[in-house]
Each structure stands twice: as structure tokens, then as C-alpha cells.
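Here's the letter readout for the chains.
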Amino acid sequence: MYPFTLERPGDPASARRLGSAPSAQYIAGGTDMMQLLVDEILRPEQLVALDGVLDDRIEVAPDGSLRLGAAAKMSDIAADPDVAAAFPVIAEALLLSASGQLRNMATIGGNLLQRTRCPYFRDPGFHACNKRAPGSGCAAMDGVNRTAAVLGTSDQCIATNASDVAVALVALGAEVHVLGPNGERVVAVDALYRLPGDTPSIETVLDPGELITAVVVPASPAARRSHYLKVRDRESFEFALTSAAVALDIDNGTIRAARVAMGGVGTKPWRMRKVEDALGGRPNGDDTYRNAAQHATEGAVTRAQNEFKPELMKRTVVRALSVAGGRA
């Protein structure tokens, strides 16, 4: 591996200052960063280690909201009984992410910022990847695109976002707390990710050196009746072809409010607002789920190998809603 400097700051402010250098990258659990370094997809001159710097607490506040320190391990969050009871969609999304060994190392903040698994981005042997080498083209357009996105794409990039838990957090209206040069700011997880447009190499709204310090999930009646469904080629250590995070607020058999987001289909975790609108005020049941799911594919643009995704998207939404709607 090429040489670099490893910095170990003593506090978040020092980490932010070191991470603001043009050639610096943060490393926390390292489960994604190490792959990127070994394959030389990233070549930072210095790594800024965040272990021992960021908060790793998992806390449910008196108002029922959930606060996750950015350094909280995925496995610890998934195993927390309060998270599993009040926010099952989060625990389920985490348990369906990666392997047990990786979940023991990976942090919630790092998971939100992991890079795409598009094979052309992950293999520097392919020159044409606008996300890795801006202006080089997008080999996936006419190449291997079975797992590529069908929502939020551009003529510059069709790579999917890889995070499972980000989909759950978008569905629940979660926010990230970010430490920057002007102090802390709050960003909705739904607004954290940028669409590729003409600049697919710029993936988030974070400025250089900014740090995610915490994730906060608001309490809601729908959160307890929530579910995450992941459809993939095999049952372990595989990324989603489609996934759905759903949460339902049901009163006397009527859906008062719904939150739906999908993964594996968008260039960012994709909030399904028209599906939500079609659920609200309707009877809780399969007919309502099927009718609402028809809206999931609006705006979808497929390529040669992923034409199956729109139909799979609708079925994924219906199955996820069926589980959530049947929960007490």
C-alpha cells in the first residue's frame, strides 16, 4: 500500500481541523475505507482516526426519540432492546447489513457515508467512472448494470446507494448532527445525499472536514409499527436489489399516516412520497398496499439488465407493508 500519515486527534474539534486538509480522509470502523485504500480507489495523504473521538452512546430520550452517537457500532444498535421495540425497522435494516463480523466494527456514521458498490467504481482497472474519475464516462450505462439505480439517475451516473440503515432512517425522518468550521448544524438524512447530476463524484452535502457526530430519530406512532424488507440474490452478505423501509400509524383499521423509503433502486435512499399519500386515510389491508405500490415506480428509468426492477419494487413495497400492517 502507498504511504500515508495516520493522525489520532484527541477530540472532535481537532479531528475536524485535521480532516479539513485537502488530502485527508476520516477512518472510523474502517470496514469500507480499508477496501478503498487497498484497491487504491482512494489515496489520501493522511488518515484521521475517529476511534475514541466520537460518541458511541445509544439513548432513548424521555420524549421517545432515539439518539445514536456516530461511533455507535451497528451490532450494538441492532441488539439494543429499546431500539428493537420502538424502532424495529432500524434494527432489522442493520441485521440485514453485511456480516456479523463487519457489524461488530462498522459505525453508524460510517455506514451512512459508505461508497457505492457499482463494480466500475470499485475496480480502478475500468477507466470510465465519473464517480471515481470525473469526466471519464460511465461504463455501467451499457455494461453490467443489473444492480444499477433506476431512480435519481443522470447521463453521468447510475450507481446505487449501498446503505440499508440509511433507507430506514429516511423513512423515519431522521437527522444527522454535523460538526463543521462554524459549529454544529443539523441535516435531514433525506437531504444528506446529492443526486449525481453532472457531478456524481460529490455524493453528500457535507463540506470538507465536516463530521457526523450523531443521528437523531424522532419518536412517532408509526415507528413501532415499522419493517425493513431486503430482496437480494442470496441471504447473506449481499447488497439489495430492492429494499423497503415502511412505517404505519394505524387507528381502528385506518392508516392515519405512512412513511415509505426504498433502497437498491436509487442513487440515494429514495423516499416514496406518492406511495405514502396513497396509503394515508385508507383501510389497512392488501388492496390498499397494492394500489399504493403502483406509485413506487413513477419516474423509474431502466437499463438493459435491470428492467426487472420496477415490478420487483412494487412487490417489495407490498410485502413490507403487509408485515408492518400486521404488527400490533
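Residues numbered from 1 in each chain as written. Predicted model: local features only at pLDDT ≥ 70, side-chain atom pairs only at ≥ 80, totals over all residues. Heavy atoms only, no water.

(A) Looking closely at the overall build of the protein chain. Regarding its fold elements, the protein chain presents 14 helices and twelve strands. A compact globule built from 328 residues would reach a C-alpha radius of gyration of about 20 Å, and the protein chain, at 19 Å, matches this within 12%. With the C-alpha coordinates aligned to their principal axes, the bounding extent of the protein chain is approximately 60 × 50 × 35 Å. Counting all 328 residues of the protein chain, 53% fall into the buried class. Contacts spanning at least 24 positions in sequence make up 63% of the contacts within the protein chain whose residues lie at least 6 apart. Summed over all atoms, the accessible surface of the protein chain reaches about 14200 Å², with 50% contributed by carbon and sulfur. Between the centroid of the 35 positive side chains of the protein chain and the centroid of its 38 negative side chains there is a distance of 3 Å. (Helix = DSSP H or I, 4+ residues; strand = E, 2+ residues; numbered from the N terminus. Rg over C-alpha atoms; globule rule 2.2 N^0.38 Å. Buried < 20%, exposed > 50% of the residue type's maximum accessible area, 1.4 Å probe, protein only. Contact = heavy atoms within 4.5 Å. Areas by Shrake-Rupley, 256 points an atom, 1.4 Å probe, with all protein chains shown as cover. Lys, Arg positive; Asp, Glu negative; His and termini not counted. Charge placed at Lys NZ, Arg CZ, Asp CG, Glu CD.)

(B) View of the sheet that holds strand 3 (residues 46–49). Across the sheet, which stays open at both edges, the three strands sit in the order 1-3-2 with parallel pairing between neighbours. Each end of this open sheet is capped by a strand with a single partner; those strands are strand 1 (5–7) and strand 2 (24–27). Direction aside, the axes of adjacent strands within the sheet are offset by 30° on average. Relative to strand 3, strand 2 is paired through four bridges, and the arrangement is parallel. (Pairing = 2+ DSSP bridges. Axes fitted to C-alpha atoms, helices over the stretch in contact; angles between N-to-C directions.)

(C) Seen up close, the packing of aromatic side chains. Within the structure shown, the criterion is met by two aromatic pairs. Measuring from centroid to centroid gives 4.9 Å for Tyr-120 and Phe-126, while their planes differ by 80°, and the two rings are edge-to-face. Its relative accessible area of 37% is what places Phe-126 among the partly exposed residues. Over the ring of Tyr-2 we find Arg-43; its NZ or CZ atom is 4.4 Å from the centre of that ring. (Phe/Tyr/Trp six-rings, centres within 6.5 Å; stacked < 30°, edge-to-face > 60°. Lys NZ or Arg CZ within 6 Å of the ring centre and 35° of its normal.)

(D) Layout of the pairing of strand 7 (residues 183–188). Taken together, the six bridges between strand 6 (residues 175–180) and strand 7 define a ladder with antiparallel strand orientation. Among the inter-strand pairings, Val-176 is bridged to a residue of strand 7, identified as Val-187. Following strand 6, the chain reverses through two residues before pairing antiparallel with strand 7.

(E) Quick look at the pattern of salt bridges. Counted by the stated rule, this structure contains 24 salt bridges. Between Arg-122 and Asp-32 there is a salt bridge whose closest N-O contact spans 2.9 Å. In this pair, Arg-122 sits in helix 8 (residues 119–122) while Asp-32 sits in the loop between strand 2 and helix 2 (33–38), placing the two residues 90 residues apart along the sequence. On the basis of relative accessibility, which here comes to 15%, the residue Arg-122 falls in the buried class. (Salt bridge = Lys/Arg side-chain N within 4 Å of Asp/Glu carboxyl O.)

(F) Region of interest: the nonpolar core. Core analysis: the biggest nonpolar cluster contains 53 residues, and Phe-87, Ile-90, Leu-169, Val-176, Val-215 and Val-217 have the highest contact counts within it. Per-element accounting of this core gives the leading share, seven residues, to helix 9 (residues 165–171). Apart from the residues within four sequence positions on either side, Phe-87 is in contact with Gly-64, Ser-65, Leu-66, Asp-82, Leu-172, Val-217, Pro-218, Ala-223 and Ser-226. (Core = buried A, V, L, I, M, F, W, Y, C linked by side-chain atoms within 4.5 Å.)

(G) Structural view of the environment of Ile-108. Looking at the element boundaries, Ile-108 is found in helix 7 (residues 108–112). Here Ile-108 falls in the buried class, since its relative accessible area comes to 0%. Setting aside residues up to four positions removed in sequence, Ile-108 forms contacts with Leu-68, Gly-69, Ala-70, Ala-72, Ile-77, Leu-94, Val-165 and Val-215.

(H) Just the pairing of strand 6, in detail. For strand 6, the buried fraction is high: five of the six residues fall into the buried class. The pairing of strand 6 with strand 8 (residues 211–217) spans five bridges and is antiparallel. Bridge pairing links Val-176 to Val-215 in strand 8.

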